[in-house]
Amino acid sequence: MKTLFSIIFLLITSFTFAQTTISGIVLDEEKQPVMGVNVYLEGTYDGTTTDMDGKFSFSTEETSTGILIASYIGYEDYRLESLIVDMVGLKLRFRESLNALNTVVLSAGSFSAGDSSKASVLKPLDIVTTAGAVGDFVGALQTLPGTSNNADDGRLFVRGGSAEETQIFIDGARVFRPFTPTTGNIPTRGRFSPFLFDGISFSTGGYSAEYGDALSSVLLLNTNDVPKEEKTEIGIMSLGANLGNTKIWGKNSISLNAQYINLAPYNELVPQNNQFEKPYQSLNAEAVFRHQFDKGLFKAYSAYSYSDLALIQEDVDVEEGFYFGLRNRNYYGNLNYNGYLSDSWNIETSLSLAHDNNNMTIETTKIDAVENALHAKFKLQKRYNNYFKINMGVEQFLINYKEDVLMENDTFETGINHGITGAFTEAEVFVSKDLAFKAGLRGDYYGASDQFKVSPRLSAAVSINPSSQFSLAYGNFYQSAQNNVQQYDKELQPENAQHYIANFLYKKNDRMFRAEAYYKKYDQLLTYDTTRVQFDSYLSNDGDGYAAGLDLFWRDEKSIKNLDYWVSYSYLDTQRQFRNYPVEATPSFATDHNFSLVTKYWIEDLQSQIGATFNYSSGRPFTNANKTGFLNDKTSSFQSLNFNWAYLIDQQKILYFSVSNVLGRDNVFGYQYSDTPDVQGQFNRRTIGQAADRFFFVGFFWTIGGSDNQLDNL
Amino acid sequence: MRTIATTLILFFTLTLTAQSGYEKAMKKGLELMQTDLQAASQQFERVAKAEKENWLPSYYAALCNINGSWGNNPKEQTLLTMNKAQEFINDAELLSENNPEIMVLQGMLNTCWIQYDSRVYGMKLSGETNAIYEKAIQIAPENPRVISNRARWLMGSAKFFGKDITPYCGEIDKAITLFENEKPTGFNPSWGKSGALDAKKECE
């Protein structure tokens, strides 16, 4: 009995004695008390919530040491490991955590689509619902400021740069031939289905040190992560058909997409300005396989594309024109693994392989070009905390290019094998949620010309209030010459550009304003002394130039109910001496003023979204042979009003209709002048106009599987 | 003999105290849910940190944050609350795989995201949400929360497309009957009847 008493007594005393009170106050960075903070001892039920004065006090039976945690959403967790008895009168300093809405973004130069961050200008649906874009993601990007509308080409022309100056990456690896080749005034389209990509980030300058061998711009596409539902998608279009399927098993999934387009029936119905011998047809097949590992995600993307067309190319000097035929086969594969090595280390490796076979026939001349290319990249990221990160990586490009020209029974063979080796490192520092810096450095060894180039990249951003911020960027950029040029002169050096960018961003309540001024200095641009690059051209790096301008963007989803619109305006002042230019001049692809208005209106009663887009570009420079000088005249302006209508029949079916250039404006892209003057001493000219006055598109899309929402395909 | 008895009694008392510690903490959390979602969430968070093998504290912490993210909070606050809810759902899922109760929470949280920014998340999450509810109903065809929340989600979509919602009213009625017959066991989820009754009003 005595024993029992003593035990109980001991127990009670130890209980009473062990009741320790933990107390203190939680303050933020401005020393203001924080209310509602969860303060507790890890591994116990003991804890409380701070009061209005940020104070807390609770008792615990724990003795010896413990870990005190203070956590509250919007703040970084606070951990204190110490003796319980010392946890009295504590002063805990709380640090606000960084998140997508409260933190400054390094926005100079870049646009992103598909997230809720401050810098995001486009929503995922915009890529396919912008009138005039007709499901081509590049079409939607052309409504952003900083791009010059070249409706006869279809590729991206950024800030006075040629189309080749924009490089495209999928899951971090370079795409070597992103566009199907075309000719004359027939615009090309991206080879890739917009539905397979989740995040799109488009930079018009000043981009990260991670991206090399790109002079003006990069477009980064990320394939969708793990899908959550299986589905089959069927599309029937006025131009062809589309079939897609997604399967999921265990930790694996695969998405397939195939599309066949043939313009022959369409050309029968709608008169074309070109005389087609064989209307454009293409077959694109894509597959994305994903496997979820415990600590990362593996993705394999693969795409095959075939296209051909033939037409009679008009020529001012050849009355009957001449035959032009084109056939292209392209394979692109990309393997990517992205995962964690530990809590703070992240690894990303990617490998892309490309094979492109292009056969061109011009009258009796045949040009066959084969390109095999590889890009391997290895990247590590170390995250010290939310405020400090370091990226580093190495990459290798290998290119094998061969060109056979068959001319009146003679064959000329040329080609080049070359490589580029790059390494980069970049630090991202957030001093606070209102001030951030990024500093990077990359080095590239260009094997063909035996040149080593160093490119520093810097950017900074500061917020002046929760909705506005300024940011600046500087960078030095290099890009090697195109393969069909470099093959004639290995010594050609990479071209160079320096970007200086100042950006202002305002975003509040679904309204956004963005203004960006830039200056870009070009150096070591390619020059030659013949009409086009050929084996006997004198090639050198004597060219230079500049581009300066202002880009404005305004988007408003709020002011008018159910209306979403954006307005872009770009002013561009650029001159360069490159290619075979005798003097410094504004290239024909660079227009002084570009304007776009994109509107989308949702009509609830009709379950329809109607959209209209208006594009305007001031006249393009061309050389008027009847006047003296070079690029001495300008065409009339380009204007196009586009319209689209998407009708949601139900959750599985959608009907889509669009017309480009509704008003049928006769846009002129340039003129071809005769080589010889007529009897009056005048040079005759041929107008290079649009492929067709208007473009009609009708499509029916059906998703089977689950009870899927057709908004996905809108 | 006496010593053994003493030890046994002591042992039981101790375990009982430990048991009731968890029970007390959970009860307190459930009581707080009626008045203060944030305090309730924090209470469950503390329990979750102490109960490393039990999915229920994280489940309730997630539920508090989901319910707390509806309404007219500032956008930033809503975003943080939703992220917090997702963390708790992930924690709960790690402890209890293929649990239809947790799937319901994920479906509800997706709906919050879609409300938050429909142009971004409507496209991303609507298919996924359908898939989650379909999976949940396959596993638990007689669970009133699964039936009722799935039906409410489908009613929302139908309304969006201007379709008839009556096909789902039968489901709501079925859920209400099941709610009425539901016998709560321990701290297992037993909420959801009032939501079903609200949905029923729309049917009438």
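Computed from a predicted model, the values in this text were never measured in an experiment.

Here we take up the overall build of chain B. What chain B contains, in helices and strands, is nine helices and zero strands. Along chain B, helices (α) and strands (β) appear in the sequence α-α-α-α-α-α-α-α-α when read from the amino end. Sorting the 204 residues of chain B into buried and exposed places 42% on the buried side. Contacts in chain B between residues at least 24 apart in sequence constitute 55% of all its contacts with a sequence separation of at least 6.

In this structure, Val-121, Leu-141, Phe-169, Ile-200, Val-218, Leu-219 and Leu-221 of chain A are the most contacted members of the largest nonpolar core, which totals 66 residues. Non-local contacts of Leu-141 of chain A, meaning those with residues more than four positions away in its chain, are made with Thr-147, Leu-156 and Phe-202 of chain A. In terms of nonpolar packing, the next biggest core, distinct from the first, is built from 63 residues, Leu-41 of chain A together with Leu-80, Tyr-121 and Val-146 of chain B among them.

Okay, the sheet that holds strand β8 (residues 110-113) of chain A next. All names here are of chain A. With mixed pairing, six strands are arranged side by side in an open sheet as β9-β8-β12-β13-β10-β11. Every interior strand has two partners, whereas the edge strands, β9 (120-122) and β11 (173-175), have only one. Across the sheet, the mean angle separating the axes of adjacent strands is 30 degrees when strand polarity is ignored.

Moving on, we come to the sheet that holds strand β4 (residues 55-60) of chain A. Pairing between the strands of a sheet comes from backbone hydrogen bonds, and it takes one of two forms, parallel or antiparallel. All names here are of chain A. Taken in spatial order, the three strands make up an open sheet running β4-β1-β7, and their pairing is mixed. The sheet is open, and its two borders are formed by β4 and β7 (90-93), each paired with just one other strand. Going from strand to strand, the sheet's axes swing by 30 degrees on average, the running direction of each strand aside. In the sheet, strand β1 (residues 20-27) pairs with β7 via four bridges, with the strands oriented parallel. Residue pairing in the sheet places Gly-24 in a bridge with Leu-90 of β7.

Right, let's get into unusual backbone geometry. Glycine aside, the phi torsion of most residues is negative, and most peptide linkages are trans. Notably, Gln-524 of chain A is not glycine yet its phi reads approximately 55 degrees, a positive angle. Within the element layout of this structure, Gln-524 of chain A appears in strand β28 (residues 511-527). In this structure, Asn-98 of chain B is a non-glycine residue whose phi angle is positive, near 50 degrees. One can find Asn-98 of chain B in the loop between α4 (75-95) and α5 (100-116).

Moving on: the pairing of strand β19 (residues 322-340) of chain A. All names here are of chain A. Direction of pairing for strand β18 (residues 296-313) relative to β19: antiparallel, over a ladder of 18 bridges. Bridging across to β19, Tyr-306 finds its partner in Arg-329. Here β19 hands over to strand β20 (residues 345-362) after four residues, the two strands then running antiparallel side by side.

Attention now goes to the pairing of strand β25 (residues 451-465) of chain A. All names here are of chain A. Sheet topology places strand β24 (residues 435-446) next to β25; twelve bridges connect them, and they run antiparallel. Bridge pairing links Arg-442 to Ser-455 in β25. Here β24 folds back onto β25, and the loop between the two strands holds four residues, one of which, Asp-450, carries a positive phi near 55 degrees. Across eight bridges, β25 lies against strand β26 (residues 468-479) in antiparallel orientation. Bridge pairing links Val-462 to Phe-470 in β26. Hairpin connection of β25 to β26: two residues between the antiparallel strands.

To continue, consider the confidence of the model for chain A. Confidence in the prediction for chain A averages 89 pLDDT; 95% of positions are at 70 or higher. In the model, residues 707-714 of chain A has pLDDT below 50 throughout and makes 35 contacts with residues more than four positions away in sequence or in other chains.

Residue and element names in this part refer to chain B. Here Glu-23 lies in helix α1 (residues 2-35). Given 12 C-beta atoms within 10 Å, Glu-23 falls into the exposed group. Along the chain, Glu-23 and Phe-187 lie 164 residues apart, while their C-alpha atoms are 8.6 Å from each other.

This paragraph deals with α4 of chain B. All names here are of chain B. Compared with the 30 Å implied by 1.5 Å per residue over 21 residues, the 31 Å span of α4 between its first and last C-alpha is a close match. For α4, the full list of buried residues reads Thr-78, Leu-79, Leu-80, Thr-81, Met-82, Lys-84, Ala-85, Phe-88, Ile-89, Asp-91 and Ala-92. Each element contacted by the buried residues of α4 is listed here: α2 (37-50), α3 (55-69) and α5.

Okay, the domain arrangement of chain B next. All names here are of chain B. For chain B, the assigned domains read domain 1 (29-140) and domain 2 (142-204). Taking the mean C-alpha position of each, domain 1 and domain 2 sit 18 Å from one another. With twelve residues of domain 1 at the contact, the number on the domain 2 side is nine residues. Residue assignment for the side of domain 1 that touches domain 2 shows that the elements contributing at least two residues are α5 and α6 (118-139). With six residues, α5 is the single largest residue contributor to the side of domain 1 that touches domain 2.

All names here are of chain B. In a regular helix each residue adds 1.5 Å, so 13 residues correspond to 18 Å; helix α8 (residues 169-181) covers 19 Å between its end C-alpha atoms and thus fits that length. Inspection of α8 places Ile-172, Ala-175 and Phe-179 among the buried residues, and these make up the whole buried set. When α8 is viewed along its axis, its buried side chains cluster within an angular range of 60 degrees and face the same direction. Exposed and oriented more than 90 degrees from the buried face of α8 are Gly-170, Thr-177, Glu-180 and Asn-181. At its buried positions, α8 is contacted by α7 (144-160) and α9 (193-203).

What counts, and where the lines are drawn
- Residues numbered from 1 in each chain as written.
- Chains lettered and ligands numbered in written order.
- Predicted model: local features only at pLDDT ≥ 70, side-chain atom pairs only at ≥ 80, totals over all residues.
- Helix = DSSP H or I, 4+ residues; strand = E, 2+ residues; numbered from the N terminus.
- Buried ≥ 20, exposed ≤ 12 C-beta atoms within 10 Å, placed from the backbone.
- Contact = placed C-beta atoms within 7 Å.
- Core = buried A, V, L, I, M, F, W, Y, C linked by C-beta atoms within 7 Å.
- Pairing = 2+ DSSP bridges.
- Axes fitted to C-alpha atoms, helices over the stretch in contact; angles between N-to-C directions.
- pLDDT = per-residue confidence, 0-100.
- Expected span 1.5 Å × (residues − 1).
- Domains from an automatic or database assignment.
- Arc of directions from axis to C-beta.

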